[in-house]
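Notes for the structure review
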Amino acid sequence: MEQSSDRVRERNITTEALVWEGVTLSIAYEPSWMATSEDYGPAHLEIRVVEPERAPLPITETGYRSHFLARGIVEGAGGPVAYVRAWLDEAAREPEWKQAQARLAQLSLF
């Protein structure tokens with residue numbers, strides 16, 4: 001009779017904080033999501049706005065983003081916080097984000 005080796009892989013998730021443009025974020029990073037080894041499989045970033053709760057970001061309107069990508073990309077950027085900061089900075093240059101921010105600023109005048 002053949003035995004299966006159903007081993008549960010221990011997950012390696014790190015969580016760090018980032019303050020971007022006055023918004024506090026929690027960034028959870030798992031370099032090897034659902035992989036059988038640390039060398040293969042996609043990495044996973046989970047980005048949540050902590051304060052102000054559910055504030056929109058240029059990468060999410062809801063304050064939450066789950067994102068899968070190659071591990072080497074995150075490591076090449078200097079780690080999860082550096083990657084997310086660069087991603088936010090780049091996305092904030094988009095006209096849609098600038099327009100949304102202008103609308104919010106206009107509403108705060110009244």
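Quick note: structure is the one above.
Here we summarise the structure given alongside this text. (Residues numbered from 1 in each chain as written. Predicted model: local features only at pLDDT ≥ 70, side-chain atom pairs only at ≥ 80, totals over all residues. Heavy atoms only, no water.)

Let's shift gears to the sheet that holds strand β1 (residues 14–20). Strand order in the open sheet made by the four strands is β1-β2-β3-β4, with antiparallel pairing throughout. Edge positions in the sheet fall to β1 and β4 (64–69), since each of these pairs with one other strand and no more. Neighbour to neighbour, the strand axes of the sheet diverge by 20° on average, direction disregarded. Both β1 and strand β2 (residues 23–30) contribute to a ladder of seven bridges, which runs antiparallel. The residue bridging A17 from the neighbouring strand is S26, located in β2. Along the sheet, helix α2 (residues 80–91) makes contact with β1, β2, β3 (43–51) and β4, crossing β1 at roughly 35°. (Pairing = 2+ DSSP bridges. Helix = DSSP H or I, 4+ residues; strand = E, 2+ residues; numbered from the N terminus. Axes fitted to C-alpha atoms, helices over the stretch in contact; angles between N-to-C directions. Contact = heavy atoms within 4.5 Å.)

What follows deals with the side chain of H67. Relative to the helices and strands, H67 is located in strand β4. Those residues in contact with H67, other than ones at most four positions away along the chain, are A43, H44, L45, Y83 and W87.

This part is about the environment of S26. Among the structural elements, S26 can be located in strand β2. Separated by 55 residues in the primary sequence, S26 and V81 place their C-alpha atoms 9.4 Å from one another. Those residues in contact with S26 that sit more than four places away from it in its chain are T15, E16, E46, I47, R48 and V50.

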